[in-house]
Amino acid sequence: MDSEESRETSLELAKLIDLATPFAIRVAVTLRLPELIAGGTTEIGPLATESGAHRESLERLLRHLVSIGLFAETGEGSYGLTPLSRQLLAEDGTWLKDWLVLEGPGARMDMAFSGMLHSVRTGNSAYGTVHGTPFWDDYQRNDDLRRFFGDVMVAYAWQTGPVLAAEFDWAPVKSVIDVGGGQGALLSEIVRANPHLDGEVLDLPAVAAEADVFLAEAGVAERARFVPGSFFDALPEGRDVYLLSRVLTDWNDENAAAILLRCAEAAGDGRVVIVEVLAGDAHAKQNTSFDLQSLVLLGGQERTVADFEVLAGEAGLKVIETRTWPGGLVVVECGRP
């Protein structure tokens, strides 16, 4: 390797291991710099005052953020937005911006990455190693974390809900229960588009208050209700469809099979429908970071349809049909053999 090639390789490696950039962006979001600049506070002095920052240090931060394209320098000591920072202010970017706040639950979740060595050595979540409490225990005790995680799941539901509500064959179905469905965002989409359905969303008792409000505000409270419970315990029996949307990714194989078994026991002759987004080999190559996030945060993993077939078999189920829609939505319909 010649000296020029070695230099370029070293620079590329330096970019890959850089921690200044992700933390600088989080600091900018925490200080509300995009909102302040959008609101007309563009000069360094007023920006420092309004954000509560040390002027010279803020200037150094902004110098880096300009270099990576998050902001633009519009004059000496004056700053403007770029497409990147405007995205943080967009309605569909709200959940991402909230995730980046260093004093919020999103940062607490991200800190699990500092325990990645533990996860790779053991195959288990690093969250408890880093924070002293396993994620799902913290989820039940920490109201801010629970609400934040629920809001992220609501944001994800908009990726799956409209297509699943319109394209899945709900005509022969009378009752559906969304197992581990959080506040009920996905269920709301389904019952709104299919007025003949009665719906339930099952999640931990701590979620009840947020779910009741969400279902009421979605206008579906008369046909959709919250059921407190755990998918590791016996589930309400006899529903036509048991939905597991973006649930199994959060768990290792042993727990995922246990969740499927509970659904199979309750479903009887009904259907268990697994819903995932961008699951499978092609996605795994493009989004390996999400797979690692599932590991370090929750001890979970992404899976292929073949993986779900194996898990379904362990739960006494058989894959009846698999459908894939644009955008990576994968639906695996299971039933008794």
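Calculation notes
Residues numbered from 1 in each chain as written. Predicted model: local features only at pLDDT ≥ 70, side-chain atom pairs only at ≥ 80, totals over all residues. Heavy atoms only, no water. Axes fitted to C-alpha atoms, helices over the stretch in contact; angles between N-to-C directions. Helix = DSSP H or I, 4+ residues; strand = E, 2+ residues; numbered from the N terminus. Parallel < 35°, antiparallel > 145°, perpendicular 65-115°, else oblique. Contact = heavy atoms within 4.5 Å. Buried < 20%, exposed > 50% of the residue type's maximum accessible area, 1.4 Å probe, protein only. Arc of directions from axis to C-beta. 1 Å grid on protein atoms, 1.4 Å probe; cavity = no way out; pocket = protein on both sides within 12 Å on 5 of 7 lines; lining within 4 Å. Points joined across faces, edges and corners; volume = space filled by probe spheres on them. Phe/Tyr/Trp six-rings, centres within 6.5 Å; stacked < 30°, edge-to-face > 60°. Expected span 1.5 Å × (residues − 1). UniProt positions renumbered as here; feature names shortened; annotations may be inferred. Nonpolar A, V, L, I, M, F, W, Y, C, P; charged D, E, K, R; others polar. Domains from an automatic or database assignment. Core = buried A, V, L, I, M, F, W, Y, C linked by side-chain atoms within 4.5 Å. Buried area = accessible area lost by both parts, 1.4 Å probe. Salt bridge = Lys/Arg side-chain N within 4 Å of Asp/Glu carboxyl O. Polar contact = N/O pair within 3.5 Å; in protein donor to acceptor, adjacent residues only side chain to side chain.

Structural notes on the packing of helix α4 (residues 44-51) against helix α5 (residues 55-67)
Describing two packed helices takes the angle between their axes plus the distance from one axis to the other. Where α4 contacts α5, the two axes come as close as 9 Å, and the packing angle between them is 110°. Judged by the angle between their axes, α4 and α5 are roughly perpendicular. Where α4 abuts α5, its residues Ile44, Gly45, Leu47, Ala48 and Ser51 lie against Arg55, Leu58, Glu59 and Leu62.

Remarks on helix α18 (residues 305-314)
Owing to its 3.6 residues per turn, the α-helix aligns residues three or four sequence positions apart on the same side. Those residues of α18 that sit buried are Phe308, Leu311 and Ala312. The buried side chains of α18 occupy one side of the element, clustering within an arc of 100° when seen end-on. Residues of α18 that are exposed and point over 90 degrees away from its buried face: Val310 and Glu314. Those residues of α18 hidden inside the fold are in contact with α15 (253-267), β7 (271-277), β8 (318-325) and β9 (329-335). Where α18 terminates, the next one or two residues include Gly316, which has phi positive at roughly 80°.

What to know about empty space enclosed by the protein
Taken as a whole and assessed by the stated rule, the structure comprises one cavity of 30 Å³ or more. Considered as a void within the structure, the largest cavity measures approximately 200 Å³ in volume. As for the largest cavity, its lining consists of 17 residues, and the residues nearest its centre are Met153, Tyr156, Asp250, Phe290 and Leu298. Elements with a minimum of two residues in the lining of the largest cavity: α12 (143-167), β7 and α17 (288-298).

As for the packing of aromatic side chains
The final tally for this structure, using the stated rule, is 14 aromatic pairs. For the ring pair Phe135 and Tyr139, a centre distance of 6.3 Å and an interplane angle of 35° mean the geometry is tilted. Taken together, the residues Phe135 and Tyr139, both in helix α11 (residues 135-141) and four residues apart, mark about one turn of the helix. Taken individually, Phe135 and Tyr139 each receive the classification buried, so the pair is uniform in this respect. Ring centres of Phe231 and Phe232 lie 5.2 Å apart, and the angle between their planes is 80°; this geometry places the pair in the edge-to-face category. Using a relative accessible area of 13% as the deciding quantity, one classes Phe231 as buried. Classification of Phe232 by relative accessible area gives partly exposed; the value is 28%.

Regarding α15
Counted at 1.5 Å a residue, the expected span for α15 with its 15 residues is 21 Å, and the 21 Å between its end C-alpha atoms agrees. Among the residues of α15, Ala256, Ala257, Ile259, Leu260, Cys263, Ala264, Ala266 and Ala267 are the ones counted as buried. Contacts made by the buried residues of α15 are with β3 (175-179), β6 (241-245), β7 and α18.

Describing the UniProt feature "domain: O-methyltransferase dimerisation" (unreviewed entry) in the protein
UniProt records the feature "domain: O-methyltransferase dimerisation" (unreviewed entry) at residues 20-90, using the numbering of this structure. Secondary structure content for residues 20-90 is 63% helix and 13% strand, while the C-alpha to C-alpha distance between its ends is 25 Å.

Details of the layout of surface pockets
In this model, the largest pocket occupies a volume close to 630 Å³. Forming the boundary of the largest pocket are 23 residues, of which Pro22, Arg26, Asp110, Phe113 and Gln293 lie nearest the centre. Secondary-structure elements contributing two or more residues to the lining of the largest pocket are α2 (20-30), α7 (94-100), α8 (105-110) and α17. Looking at side-chain class alone, the lining of the largest pocket contains 15 nonpolar, five polar and three charged residues. Built from parts of two domains, the lining of the largest pocket gets at least three residues from each of domain 1 (3-92) and domain 2 (95-151). Each pocket or cavity is described by its volume, and for the second largest pocket that value is around 520 Å³. Lining the second largest pocket are 32 residues, with Gly180, Gly181, Gly182, Asp203 and Val247 sitting closest to its centre.

Thoughts on the nonpolar core
The biggest cluster of nonpolar side chains holds 78 residues, and the ones touching the most others in it are Phe135, Trp170 and Leu243. A total of nine residues in this core trace back to one element, the largest contributor, which is α12. Shared between two domains, this core holds at least three residues of each, these being domain 2 (95-151) and domain 3 (154-281 + 299-335). Discounting chain neighbours no more than four positions away, the residues touching Trp170 are Leu164, Ala165, Val176, Ile190, Asn194, His196, Leu197, Val241 and Leu243. If you look at the next biggest cluster of nonpolar residues, it comprises 19 residues, including Ile44, Leu70, Tyr79 and Leu88.

Digging into the domain arrangement of the protein
Assigned domains of the protein: these are domain 1 (3-92), domain 2 (95-151) and domain 3 (154-281 + 299-335). Summarising the inter-unit geometry, the C-alpha centres of domain 1 and domain 2 are found 25 Å apart. Contacts between the two partners involve nine residues from domain 1, matched on the other side by nine residues from domain 2. When residues of domain 1 are sorted by the area they lose upon contact with domain 2, Arg26, Thr30 and Leu88 head the list and together hold 54% of the total. For the pair domain 1 and domain 2, the number of links is two salt bridges. Between Arg26 and Asp110 there is a salt bridge, with its nearest N and O atoms 2.7 Å apart. For the pair domain 1 and domain 2, the interface holds three residue pairs in polar contact (both at pLDDT 80 or more). Per-element tally for the side of domain 1 that touches domain 2: the top contributor is α2, with six residues. Across the side of domain 1 that touches domain 2, the residue classes break down as five nonpolar, one polar and three charged.

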